[in-house]
Amino acid sequence: MAKYAMIAGTGIYDLPGFDPTPIRVETPFGSAAYHRCQGDLVFLPRHGLHHDTPPHAINYRANFWALHTLGVESVVAAYAVGSLHRSIPLRGLALLSDFIDRTQGRADTFYTGGEWGVGHADMSRPYCPRLREVILARAAERGIEIVPQATYACTNGPRFESPAEVRLLTSWGGDVVGMTGVPEVSLARELGMHFAGVALSMNLAVGLEEELSVVRDLGAQRAAMLDLIQAALQGFGDGPGCGCVGAVDFLGAARISVPRAMPART
Ligand code: HPA
């Protein structure tokens, strides 16, 4: 059994102490692959170790179902993003607090009706407030600067946004833009997981600069972010006050299939 997972994407294909041999699992939604790390931690590189799966083609449901069946209760996801504001500098970190979904056609729920039931995840606090607090505390201890609240605008990709789309996302309150944050956040909630997202800025969004310029070298920030995430997950568990476990509201006959589609934890 594993209790914690880190999901990562662009620029992060390993974790200190991880086993590079992937463990493949079959789920009702297709296959997923993860890596064992030290202790109770597993690592799931969402694009694959060779970055061969684009954002719109990731099997998000298989990934989360695999983590769920492993017993994972708490997940921190790392996201490469573009900054929608200059106040989030290149290689700057931001802790996600809200999101905007501009994806299309992704398989984004376990509650597809029939035997899987009908459920509605409460999104009033999309990211676990307790896990967010711990991340901020661990960052402060380490002297790591992190913007404490950021709204993640998720586009479908794989193309970047147009300047007009960036203006739209900014006017809607977006702070960072990426292509993978949704449906990870909502699938985690459907499974009653404690979930948080740390964004790392790789570029200023299109239109904020003359030309799009994406940072390739994450430098020391990469190691700092990995250390921060692992430190935050260590020892983190269920507790009062966050409401993540059981964040789904069931309507009518949906309750019949709850045991199949939801974790056994209460
Ligand atoms: N847009 C969308 N996704 C991204 C970006 C961006 O500017 N940078 C890194 N991932």
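Whatever comes next refers back to the structure up there.
Caption draft 1: Representation of helix 1 (residues 60–70) within the structure. Of all 11 residues that make up helix 1, 10 are buried, and the element is covered over most of its length. Listed in full, the buried residues belonging to helix 1 are Tyr60, Arg61, Ala62, Asn63, Phe64, Trp65, Ala66, Leu67, His68 and Leu70. Positive phi shows up at glycine 71, right after helix 1, with a value of about 95°.

Caption draft 2: Broad picture of the environment of glycine 219. Considering the arrangement of structural elements, one finds glycine 219 in the loop between strand 10 (194–204) and helix 5 (220–233). On the accessibility criterion, glycine 219 (39% relative accessible area) is partly exposed. Taking the C-alpha atoms as reference, glycine 219 lies 31 Å from leucine 168; in sequence the two are 51 residues apart.

Caption draft 3: Region of the structure containing the packing of helix 2 (residues 129–142) against helix 5. Following both chains from N to C, one finds helix 2 and helix 5 inclined at 125°, their axes separated by 9 Å at the closest point. With respect to helix 5, the axis of helix 2 lies oblique. Remark: the crossing between helix 2 and helix 5 carries right-handed chirality. Counting all contacts with helix 2, which are made through Leu131, Val134, Ile135, Arg138, Ala139 and Arg142, the residues of helix 5 involved are Asp227, Leu228, Ala231 and Ala232. Split by residue class, the contact of helix 2 with helix 5 holds 7 nonpolar, no polar and 3 charged.

Caption draft 4: The site of the ligand, seen in detail. Every residue close to the ligand is listed here: Ala80, Val81, Gly82, Phe160, Glu161, Val177, Gly178, Met179 and Asn203. Between a nitrogen atom of the ligand and a main-chain N or O atom of alanine 80, the distance comes to 3.4 Å. With respect to the ligand, the backbone of glycine 82 contributes an N or O atom lying 3.2 Å from a nitrogen atom. Surface burial for the ligand is 92%, taken as the share of its 260 Å² of free accessible area covered by protein chains. Elements with a minimum of two residues in the shell around the ligand: strand 5 (74–83) and strand 9 (176–178).

Caption draft 5: Summary view of the packing of aromatic side chains. What the rule picks out here adds up to 9 aromatic pairs. Measuring from centroid to centroid gives 5.3 Å for tryptophan 65 and phenylalanine 110, while their planes differ by 55°, and the two rings are tilted. Taken together, the residues span a long stretch of sequence, with tryptophan 65 in helix 1 and phenylalanine 110 in the loop between strand 6 (93–102) and strand 7 (119–121) at a distance of 45 residues. Relative accessible area serves as the criterion here: at 9%, tryptophan 65 is assigned to the buried category. Phenylalanine 110 sits in the buried class, given a relative accessible area of 0%. The structure contains a cluster of three or more aromatic residues connected by ring pairs, namely Phe29, Trp65, Phe110 and Trp116.

Caption draft 6: Broad picture of helix 4 (residues 181–190). Most of helix 4 is tucked away, with 10 of its 10 residues classed as buried. Taken as a whole, helix 4 has its buried residues at Gly181, Val182, Pro183, Glu184, Val185, Ser186, Leu187, Ala188, Arg189 and Glu190. Just past helix 4, the residue glycine 192 takes up positive phi, approximately 70°.

Caption draft 7: Representation of the environment of phenylalanine 29 in the model. Mapped onto the secondary structure, phenylalanine 29 falls in the loop between strand 2 (23–27) and strand 3 (30–36). What makes phenylalanine 29 buried here is its relative accessible area of 18%. Sequence spacing of phenylalanine 29 and phenylalanine 64 is 35 residues, and the spatial spacing of their C-alpha atoms is 10.0 Å.

Caption draft 8: Unusual backbone geometry, seen in detail. Geometrically, the link from glycine 157 to proline 158 is a cis peptide bond, its omega value of -5° lying close to zero. On the secondary structure map, proline 158 appears in the loop between strand 8 (147–155) and helix 3 (163–171). Between valine 182 and proline 183 the backbone carries a cis peptide bond, its omega angle lying at 15°. If you check the backbone angles, histidine 51 has positive phi at about 50° while not being a glycine. Within the secondary structure, histidine 51 is located in the loop between strand 4 (41–45) and helix 1.

What counts, and at which threshold
- Residues numbered from 1 in each chain as written.
- Predicted model: local features only at pLDDT ≥ 70, side-chain atom pairs only at ≥ 80, totals over all residues.
- Heavy atoms only, no water.
- Buried < 20%, exposed > 50% of the residue type's maximum accessible area, 1.4 Å probe, protein only.
- Helix = DSSP H or I, 4+ residues; strand = E, 2+ residues; numbered from the N terminus.
- Axes fitted to C-alpha atoms, helices over the stretch in contact; angles between N-to-C directions.
- Parallel < 35°, antiparallel > 145°, perpendicular 65-115°, else oblique.
- Left-handed = near helix turned anticlockwise from the far one by under 90°.
- Contact = heavy atoms within 4.5 Å.
- Nonpolar A, V, L, I, M, F, W, Y, C, P; charged D, E, K, R; others polar.
- Near = heavy atom within 4 Å.
- Polar contact = N/O pair within 3.5 Å; in protein donor to acceptor, adjacent residues only side chain to side chain.
- Areas by Shrake-Rupley, 256 points an atom, 1.4 Å probe, with all protein chains shown as cover.
- Phe/Tyr/Trp six-rings, centres within 6.5 Å; stacked < 30°, edge-to-face > 60°.

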